[in-house]
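Here is how the chains run, residue by residue.
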Amino acid sequence: WENLPADPHLRDGGRYRFRRHASLKLTDDGSAIAERVQRPHWQPLDYNALHGGFERWFAPVTDATLAEPGLLRLLLAFGQIAAAVGGRPLPYVELHQFRIDTAAGIGRPTPEGAHRDGVDFVAVILIDRVDVRGGESRIFEAEGPAGMRFTLLDPGSAVLLDDTRVIHE
């Protein structure tokens, strides 16, 4: 995660979010990556008012990262869970690596605020926290007032979201 380039698409002009992206097709049984597909990350404007409505190309996730056994197991496990819950094979699995740097002030992992990603399911996994204060996540019903706040503290902690039913920040 130390070798992530700056996110070139931050419309607020910030230089605090670093990321890589991969779009992957899994095998039919979800047990392996079948191929890497070169495609942009895209969200509709009604899901992401700040960064939606245009194709965003990010530096690719490295082959070495995709070959990491632990990451691969997580990716495939979450893909299998999403396919089972969704009742169909997944056309793609997107992997986003993020690092937020707060050296210039407060970090803004989601400058767009509460949003949907425009996918079926989202898994947020904490890899590490170094010199971090705060880091609160918020999840809200997409069609209602209920919500919750929490902070992922331990490496490996995760939250799984149904992107059709909730918005997150």
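See the structure shown above.
Overview of the structure.

Quick notes on the rules
- Residues numbered from 1 in each chain as written.
- Predicted model: local features only at pLDDT ≥ 70, side-chain atom pairs only at ≥ 80, totals over all residues.
- Heavy atoms only, no water.
- Phe/Tyr/Trp six-rings, centres within 6.5 Å; stacked < 30°, edge-to-face > 60°.
- Lys NZ or Arg CZ within 6 Å of the ring centre and 35° of its normal.
- Helix = DSSP H or I, 4+ residues; strand = E, 2+ residues; numbered from the N terminus.
- Polar contact = N/O pair within 3.5 Å; in protein donor to acceptor, adjacent residues only side chain to side chain.
- Contact = heavy atoms within 4.5 Å.
- Expected span 1.5 Å × (residues − 1).
- Pairing = 2+ DSSP bridges.
- Axes fitted to C-alpha atoms, helices over the stretch in contact; angles between N-to-C directions.
- Core = buried A, V, L, I, M, F, W, Y, C linked by side-chain atoms within 4.5 Å.
- Buried < 20%, exposed > 50% of the residue type's maximum accessible area, 1.4 Å probe, protein only.

Inspection of the entire model under this criterion finds 0 aromatic pairs. The positively charged end of K25 is found above the aromatic ring belonging to Y92, 5.5 Å away from the centroid.

Tracing the sequence through the fold places S23 in strand β1 (residues 17-26). Side-chain polar atoms of S23 contact the side chain of R39, separated by 3.2 Å. Each residue touching S23, except ones within four places of it in the same chain, is listed here: E35, R36, V37, R39, Y92, V93 and E94.

Counting along an α-helix, one turn takes 3.6 residues, and residues three or four places apart therefore face a common direction. Its 18 residues place the ends of helix α2 (residues 69-86) 25 Å apart at the C-alpha level, agreeing with the 26 Å of an ideal helix rising 1.5 Å per residue. On the buried face of α2, the contacting elements are β1, β2 (33-37), α1 (63-66), β3 (93-100) and β4 (121-125).

With that settled, consider the sheet that holds β3. Within the open sheet, the 3 strands sit side by side as β2-β1-β3. Their pairing is antiparallel. Since the sheet does not close on itself, it has two edges, and those belong to β2 and β3, each with one partner. Sheet twist, expressed as the average angle between the axes of neighbouring strands with direction ignored, equals 35 degrees. In this structure, β1 lies alongside β2, joined through 4 bridges in antiparallel fashion. Residue pairing in the sheet places L24 in a bridge with R36 of β2.

Further remarks concern the nonpolar core. With 10 residues, the main nonpolar core is built from A22, L24, L26, V61, L66, L71, L75, L76, V93 and L95. Those elements that place two or more of their residues in this core are β1, α2 and β3. Discounting chain neighbours no more than four positions away, the residues touching V93 are A22, S23, L24, L26 and L75. Judged by nonpolar contacts, the second largest core, of 8 residues, contains V122, I139, V159 and V166.

What follows concerns unusual backbone geometry. If you check the backbone angles, D131 has positive phi at about 50 degrees while not being a glycine. As for its position among the elements, D131 is in the loop between β4 and β5 (136-141). Under the relative-accessibility criterion, D131 is labelled exposed at 76%.

Let's shift gears to the pairing of β5. Where β5 and strand β6 (residues 147-151) come together, 5 bridges link them in antiparallel fashion. By the bridge assignment, E136 is partnered in β6 with T151. Two successive antiparallel strands, β5 and β6, enclose a turn made up of 5 residues. One ladder, built from 3 bridges, connects β5 with strand β8 (residues 166-168); its direction is antiparallel. Pairing of F140 across the sheet is with I167, part of β8.

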